[in-house]
Amino acid sequence: MLQQRLLAPLRVLERAIVPSLRSSQPISRPPPPSILSRTNTSAPTPFLNRLLPFSQVRHASHATQGTANRHSRDPAGKRLGAKRTTGEYVVPGCIIFRQRGTKWFPGENCALGRDHTIYATEAGYVRYYLDPERHPDRKYIGVCFEKDGKLPTPRNAPTKRKLNRVAVPRIDDAPTPIAGQSDLVATIDNGTMVSSVEAVNAESGSQLRPGYMYREANWQIGRAAEKAGITAKAYNPKNRWLAWRKRQARAERAAQMKSLKNKKKASKKGKGGR
Amino acid sequence: MAHCERAAKPLLQCLQKSYPRALPTLQVQSTRAFQTTAFAREEAQAEPKSQPFHKAPDPALVSSPRLERRLIRQGVSPIGSRRRRAALQSSPNVPFEQLPYQCFQEARKVLLADREEKLKEIVSMREKIARLQAVPTEEAGGEQVKKSRLVAMELHLERLKILADINDPLVKKKFEDGQGDMSKPIYRYLADRKWREYRRKILVQRITQMKVIPDVLPHCDPVVDTKLYFGRSPVQPGEFVNSRVSTSAPKLDVQLFDRGEKLVTIAVVDSDVPNVEKDGFDYRMHYLAVNVPISAVSTKVDLSKLSSDSQVVLPWLPPVAQKGSPYHRLSVFIMEQKDSKPLDFAAVKAKETTRDNKLLRTLQARYHLKAIGAHLFRTEWDSTMAEVMKENGYAEVDMELRRKRVEPLPYKRRNPSTFR
C-alpha cells in the first residue's frame, strides 16, 4: 500500500533528476550489469534503493490489531441476575434469580435448579434475606405467604405450609378392562384406539393377518398352553436339587458341543496336513 | 484345598476334642499346661456321650449358620459374634488369671491396682459427701454453695464408679453378650455410649430433617433410647407403616440410662392432618398416657396394656392418611414429668378430651413436661387404608385430595412501548 502510493511521485522525481545524475557520473566507471538488467523490468528501483534503504514489506501473515479475536474475548451476556425483586408475587416454578454458582441460596419455599437457578415452589411474595442462625454468611431468597410477612422465621417456630389441594370424590384406581386386546390394535396420540373388527373378536380362530396370512393372532398363540390347561411347575429358587440338575445338563451339553467342535477342527487339520 | 481339609478333618477333630467344650469343670494351672490336656482327655472319655453337637448346639459355641438358625427358631439367640464363637470352639478357654503369659499377667496387675485405687477413692468420696451433708448450711457457706458442692461431688462419685470398672475385660464381654445388668452404672454407661454412637444420631437426623422438631415441639434432646414395635416387628425412625399394621397400639422399649425410676407422659401426635377449608394442616393426638413408670431395668411399655383408669387419657386411634394427602408424620414423644411426680389423672382426663388440634406445646407448658425421648413413623395412603378408615369412622374416606391448579402469572411484555 505504502509502496504503491509513494511510487508515483517518486517516478516523477526520478524523471526530472536522472539525466543530471547520469551526466555527473564519472564516465570511467561503467554502470554495473545488474542495473542494466534491472532497468528493463522496473525503472525506478535503483533510485528507490538509494532513497529508501529501510522500507519494509508487510504481508498479510500477521493479524492486525483489530477486531479479529473480539468474539472469543467478549462473549454475549448470559442475562443473569434477579428476575423478581422483593415483594413481587410469584407462582410455583417462577424463576426468581439466575446465577453462576450459588451467589444466593434457596430459602423457604424455594428450590435450586440444575444450573443453580432459584425458583419458587409455592405461590407468595419474594424476600431476599440473611439467616445467621442457619448459616453465618449465606444470602437466601425465600417466598413468604403473606404480602407483609417477614423472613427468616425463628428456628423453633412450626413451619408454615399450605395444602394446595382440593377435595374431590375418590376414584378407585382399579385396573380397567382393556377394550381391544390384539396385536392389531394401536393408540393414536390423541387417545383414540384403533382396532379392526376382526382383531377384537379374534377368539374365533384364524383370520387375515398382515402379509396376507390366515392364522391366529400372536397373543392367541402365546396363550395356547393356557387354553390347553397345561401348567408349568412354579419356579422355586430354593430347589437347589433341580438347579443342580439343570446346571449339570448344561455343562454336559457344553462339553458335548466342545468335543464336536474339537473333532471338526482336528479333521480339518488332518485334511490340511494331507 | 478341599481335599487337604477333608484329610485333616479327623486329625483336627481329635485335637479339638482334647479340650472340653464346657469349661467350668476345668482346673488348669498355668505352669503345667501339658498335664491339663491329658487330664481333660481322661475327663472327656469318662463323661457319657449324650448327644452330638449338631443335635444340641451350644449358643456360646455354635458357628454354622444352619445351627444358628435352628437355635434362633428355638428361641435361643447365639452369644457374641460368629467369629468369636468359632474361635471359642478350638480355644482351651483358660480363665484370665491362669493364662501363661507373663506380660499379660503384669498388665492385669496394673489394672487391678488401678481398680483398688478407684475403690478407695469411692469410699473416701462417700465419706466426704456424708460429712458435707452433716455440716449445717450456715457453716458450709450458704444454701447455694452447699448444694452445688454436693452435686459436683455426686457427679464425681458416679464418674469414679464407672472408672473403676471400665477396664475390666469381663465387664466388656458381658456387655457385648447382652448380659449386662442395667442396674449397675458401668453397664448403663456402656449402653448409653453405644446408643449415642449410631442410633441416637439416626433418630436426631430423622426428627430434624422431617421437621418434627420445629413442627411438634420447639426442642428435644433425646436421652432415652426408644424402640418402637408393631406386633413383633421393630420400626426404624421415619419408616412407613402399613395402615393395617398400625391399627393396634405399638409397643415401646424405653431404655433409661439414669439411676432410679421416672414417671413419663407418652404422646403420639399426627402433625399432618389436611384441612381443606384452612388450606393448611392440623394436628391430631392419637394417644396420650400419663404416669407411666420407666426405669433402667423395666423398659417395656405396651401402649395397649396401660391401665385405662389411671394412665391412658386418650386411647390409641389408628393413624390414617387420606388419599392424595402428603405423608403423615406420627411422632412419639416420651416426656418426663416434673420431679417424677404423678399428675392428677382425673383432672388431666377431664381437661384433655378432644383429639383434634391438641398441641403438644401447650401440654408441655401446662403440665411442666420435658421431652427426653422421641420416635417417628410415617403413614400414607395404601391398599388397606380405605377399610381402616371406614372401620374407625373417618368421614373423609370418600373424598380424595387433588392438586389445585395454580393460575399462571399474566404474560408481561418484556419490552413495553415505554422502552421503545
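Computed from a predicted structure; not experimentally measured. (Residues numbered from 1 in each chain as written. Chains lettered and ligands numbered in written order. Predicted model: local features only at pLDDT ≥ 70, side-chain atom pairs only at ≥ 80, totals over all residues. Heavy atoms only, no water.)

Regarding its fold elements, chain A presents eight helices and 13 strands. Taking the intrachain contacts of chain A between residues at least 6 apart in sequence as the baseline, contacts between residues at least 24 apart amount to 39%. Roughly 22000 Å² of accessible area belongs to chain A as shown, and the carbon and sulfur atoms make up 57% of that amount. (Helix = DSSP H or I, 4+ residues; strand = E, 2+ residues; numbered from the N terminus. Contact = heavy atoms within 4.5 Å. Areas by Shrake-Rupley, 256 points an atom, 1.4 Å probe, with all protein chains shown as cover.)

This part takes up the overall build of chain B. Helix and strand content of chain B: 14 helices and eleven strands. In chain B, buried positions account for 39% of the 420 residues. As displayed, chain B offers around 25500 Å² of accessible surface, 55% of which is attributable to carbon and sulfur atoms. (Buried < 20%, exposed > 50% of the residue type's maximum accessible area, 1.4 Å probe, protein only.)

Looking now at the pattern of salt bridges. All names here are of chain B. If you walk through the whole model with that rule in mind, you get 35 salt bridges over all chains. Among the salt bridges present, the one from Asp 253 reaches Lys 300, with a minimum N-O distance of 3.2 Å. Placement of the pair is Asp 253 in strand 4 (residues 251-255) and Lys 300 in strand 7 (residues 300-302), with a sequence separation of 47 residues. Assessed through its relative accessible area of 67%, Lys 300 is described here as exposed. (Salt bridge = Lys/Arg side-chain N within 4 Å of Asp/Glu carboxyl O.)

Residues and elements named next belong to chain B. Enumeration according to the criterion identifies two cavities of 30 Å³ or more in this entry. Partitioning the lining of the largest cavity into residue classes produces five nonpolar, two polar and two charged. Here the second largest cavity defines a volume of roughly 30 Å³. Forming the boundary of the second largest cavity are Thr 265, Leu 288, Val 290, Leu 343, Val 348, Leu 363, Tyr 367 and Leu 369. When contributions to the lining of the second largest cavity are tallied by element, the ones reaching two or more residues are strand 6 (280-295) and helix 13 (360-367). (1 Å grid on protein atoms, 1.4 Å probe; cavity = no way out; pocket = protein on both sides within 12 Å on 5 of 7 lines; lining within 4 Å. Points joined across faces, edges and corners; volume = space filled by probe spheres on them. Nonpolar A, V, L, I, M, F, W, Y, C, P; charged D, E, K, R; others polar.)

With that settled, the discussion passes to the packing of helix 7 (residues 143-165) of chain B against helix 9 (residues 185-197) of chain B. Residues and elements named next belong to chain B. Relative orientation of the contacting elements helix 7 and helix 9 amounts to 85 degrees, with a least axis distance of 9 Å. By the angle between their directions, the pair helix 7 and helix 9 is classed as roughly perpendicular. On helix 9, the residues touching Glu 158, Arg 159, Lys 161, Ile 162 and Asp 165 of helix 7 are Pro 185, Ile 186 and Tyr 189. (Axes fitted to C-alpha atoms, helices over the stretch in contact; angles between N-to-C directions. Parallel < 35°, antiparallel > 145°, perpendicular 65-115°, else oblique.)

Moving on, we get to unusual backbone geometry. The amide bond that connects Leu 151 of chain A to the next residue, Pro 152 of chain A, takes the cis arrangement and shows omega of -5 degrees. Here the phi dihedral of Asp 279 of chain B falls at roughly 55 degrees; this positive angle occurs in a residue that is not glycine. Among the structural elements, Asp 279 of chain B can be located in the loop between strand 5 (261-275) and strand 6. Unusually for a residue other than glycine, Asn 357 of chain B sits at a positive phi of about 55 degrees. Along the chain, Asn 357 of chain B falls in the loop between helix 12 (345-351) and helix 13.

For the rest of this paragraph, the subject is the confidence of the model for chain B. All names here are of chain B. Averaged over all residues, the pLDDT of chain B equals 87, while 88% of them reach at least 70. When the criterion is pLDDT under 50, residues 14-47 qualifies, and its contacts beyond four places in sequence or with other chains add up to 24 contacts. Here the predicted complex carries an ipTM of 0.75, next to a pTM of 0.68. (pLDDT = per-residue confidence, 0-100.)

Residues and elements named next belong to chain A. Counted residue by residue, strand 8 (residues 139-144) has five buried out of six residues, so it is predominantly covered. Judged from the two bridges that link them, strand 4 (residues 105-106) and strand 8 form a sheet pairing that is parallel. From the neighbouring strand, Pro 106 faces strand 8, where its bridge partner is Ile 141. (Pairing = 2+ DSSP bridges.)

Contact with chain A, which involves 23 residues of that partner, is made by 32 residues of chain B. Between chain A and chain B the total buried area reaches about 2500 Å² when both faces are included, carbon and sulfur atoms providing 55% of it. For chain A, the biggest contributors to the area lost against chain B are Leu 163, Arg 165 and Arg 170 of chain A; these three give 32% of the whole. At the boundary of chain A and chain B, one finds one salt bridge. Of the charged contacts in the structure, one is a salt bridge between Arg 161 of chain A and Asp 272 of chain B, with a shortest N-O distance of 2.9 Å. If you look at where chain A meets chain B, you find 14 residue pairs in polar contact (both at pLDDT 80 or more). (Buried area = accessible area lost by both parts, 1.4 Å probe. Polar contact = N/O pair within 3.5 Å; in protein donor to acceptor, adjacent residues only side chain to side chain.)

For the rest of this paragraph, the subject is the layout of surface pockets. Counted as a void, the second largest pocket has a volume near 1200 Å³. Looking at the second largest pocket, it is lined by 47 residues, and the ones nearest its centre are Asn 109, Thr 159, Lys 160 and Arg 161 of chain A together with Lys 211 of chain B. Listing elements by their share of the lining of the second largest pocket, those giving two or more residues are strand 8 of chain A together with helix 10 (199-209) and helix 11 (212-215) of chain B. When residues of the lining of the second largest pocket are assigned to their parent elements, the largest contribution, four residues, is made by helix 10 of chain B. Of the residues assigned to the lining of the second largest pocket, the class counts are 21 nonpolar, nine polar and 17 charged.

Let us look at helix 7 of chain B. Side chains three or four residues apart in an α-helix point the same way, a direct result of the helix having 3.6 residues per turn. Residues and elements named next belong to chain B. Taking 1.5 Å of rise per residue, 23 residues should cover 33 Å, and helix 7 covers 34 Å from first to last C-alpha, within 8% of that figure. Buried within helix 7 we find Lys 146, Leu 150, Met 153, Leu 157, Leu 160, Lys 161, Ile 162, Ala 164 and Asp 165. At its buried positions, helix 7 is contacted by helix 5 (102-134), helix 6 (137-140), helix 8 (169-176) and helix 9. (Expected span 1.5 Å × (residues − 1).)

Turning our attention to the environment of Asp 339 of chain B. With respect to the secondary-structure elements, Asp 339 of chain B resides in the loop between strand 9 (328-337) and helix 12. The spacing of Asp 339 of chain B and His 368 of chain B is 29 residues in sequence and 9.7 Å in space, taken between C-alpha atoms.

All names here are of chain B. All of the buried residues along helix 13 are Leu 360, Leu 363, Gln 364 and Tyr 367. Seen end-on, helix 13 carries its buried residues on one side only, within an arc spanning 100 degrees. As for helix 13, its buried residues are in contact with strand 5, strand 6, strand 9, helix 12 and strand 10 (369-379). (Arc of directions from axis to C-beta.)

Moving on, we come to the sheet that holds strand 8 (residues 312-314) of chain B. Hydrogen bonds along the backbone pair up the strands of a sheet, which may run parallel or antiparallel. Residue and element names in this part refer to chain B. As summarised here, the arrangement of the six strands in space is 3-10-9-5-6-8, forming an open sheet in which the pairing is mixed. Two strands close off the open sheet at either side, each with one partner strand: strand 3 (239-240) and strand 8. Helix 13 contacts strand 5, strand 6, strand 9 and strand 10 of the sheet and is inclined by roughly 160 degrees relative to strand 10.

With that settled, consider the confidence of the model for chain A. Residues and elements named next belong to chain A. With 60% of its residues at a pLDDT of 70 or more, chain A has an overall mean of 77. Overall, residues 23-28 carries pLDDT values under 50, and its contacts beyond four positions in sequence, including any with other chains, amount to zero contacts. Predicted confidence is poor over residues 34-45, with pLDDT under 50, and the contacts of this stretch with residues over four places away or in other chains come to four contacts.

This part covers a nonpolar patch on the surface. A cluster of nonpolar side chains, contributed by Phe 96, Tyr 101, Phe 104 and Leu 170 of chain B, occupies part of the molecular surface with about 380 Å² of accessible area. The topology assignment puts Tyr 101 of chain B in the loop between helix 4 (82-89) and helix 5. (Patch = residues over 30% accessible without salt bridge, like charges linked within 9 Å, V, L, I, M, F, W, Y side chains within 5 Å.)

Moving on to the nonpolar core. All names here are of chain B. Met 285, Phe 333 and Leu 360 are the most contacted members of the largest nonpolar core, which totals 28 residues. Filtering out sequence-adjacent residues up to four positions away, Phe 333 remains in contact with Val 212, Ile 213, Val 216, Leu 217, Cys 220, Thr 265, Ile 266, Ala 267, Leu 360, Ala 371, Gly 373 and Ala 374. Counting 26 residues, the second largest nonpolar core, distinct from the first, contains Ala 249, Leu 252, Val 292 and Phe 377. (Core = buried A, V, L, I, M, F, W, Y, C linked by side-chain atoms within 4.5 Å.)

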